[in-house]
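Residues per chain are reported as follows:
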Amino acid sequence: MLGVWYNYSMTIEEALTRLSESKFRSSFYLAKKDKEYFSAKGRDTIKSHAADFVRAKLAPAEPLNDGKQTPMSGHPVFKAMHACACCCRGCLNKWYKVPKGRELTQDEQEKIVNLLMAWIDRETDK
């Protein structure tokens with residue numbers, strides 16, 4: 001089991017399944033160059049990047065340009081953020097009931113990173 005997600009009964013696996021049922025969320029995938037970047041940098045570095053992006057783009061109570069702060073491409077984590085509905089506070093609230101208007105806890109940030117990495121792991125195993 002990958003761990004319980006926000007609503008306390010949904011695991012990361014269940015979240016990924018639910019996301020795969022969304023036409024928009026399931027349209028994201030890692031292209032060959034994203035997979036090559038992942039291979040070149042290694043999982044630990046990509047996970048570190050994910051933590052940095054989550055801290056900068058999602059953790060603040062009022063993120064700068066919320067709703068527009070995450071590019072659609074340019075890094076495997078950006079694609080994962082959109083695929084996992086972790087691209088802005090609005091999506092986090094809609095999909096996972098993460099409250100807006102307060103800073104994310106370290107535990108919440110780690111849960112988001114774990115979800116992103118689970119999605120990336122699936123994509124790199126294809």
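This text follows the structure it describes.
This structure is a prediction, so every number in the text was calculated from the model and none was measured.

**Q** Please set out helix H6 (residues 106-124) residue by residue, giving values where relevant.
**A** A rise of 1.5 Å per residue sets the reference length of H6, with its 19 residues, at 27 Å; its end C-alpha atoms lie 26 Å apart and thus fit the reference within 8%. Within H6, burial applies to Glu108, Gln109, Lys111, Ile112, Val113, Leu115, Leu116, Met117, Ala118, Trp119, Ile120 and Glu123.

**Q** Help me get a handle on the pattern of salt bridges, residues and values and all.
**A** Per the counting criterion, the structure on display carries seven salt bridges. Between Asp121 and Arg43 there is a salt bridge, and its shortest N-O distance comes to 2.8 Å. Taken together, the residues Asp121 in helix H6 and Arg43 in helix H3 (residues 43-57) connect sequence positions 78 residues apart. Here Arg55 ties to Asp52 by a salt bridge, and the two come within 2.4 Å at their closest N and O atoms. Of the two residues, Arg55 and Asp52 both sit in helix H3, three residues apart, roughly one turn of that helix.

**Q** Go over the layout of surface pockets with me, naming the residues and quoting the values.
**A** A probe matching the size of a water molecule, rolled over the atoms, marks out where space remains unfilled. Each pocket or cavity is described by its volume, and for the largest pocket that value is around 180 Å³. For the largest pocket, the full set of lining residues is Leu16, Leu19, Ser20, Arg25, Ser26, Phe28, Ala83, Trp119, Arg122, Glu123 and Lys126. Within the residue set of the lining of the largest pocket, elements represented by two or more residues are helix H1 (12-20) and H6. Of the residues that constitute the lining of the largest pocket, the class distribution is five nonpolar, two polar and four charged.

Cut-offs used in this document
- Residues numbered from 1 in each chain as written.
- Predicted model: local features only at pLDDT ≥ 70, side-chain atom pairs only at ≥ 80, totals over all residues.
- Heavy atoms only, no water.
- Helix = DSSP H or I, 4+ residues; strand = E, 2+ residues; numbered from the N terminus.
- Expected span 1.5 Å × (residues − 1).
- Buried < 20%, exposed > 50% of the residue type's maximum accessible area, 1.4 Å probe, protein only.
- Salt bridge = Lys/Arg side-chain N within 4 Å of Asp/Glu carboxyl O.
- 1 Å grid on protein atoms, 1.4 Å probe; cavity = no way out; pocket = protein on both sides within 12 Å on 5 of 7 lines; lining within 4 Å.
- Points joined across faces, edges and corners; volume = space filled by probe spheres on them.
- Nonpolar A, V, L, I, M, F, W, Y, C, P; charged D, E, K, R; others polar.

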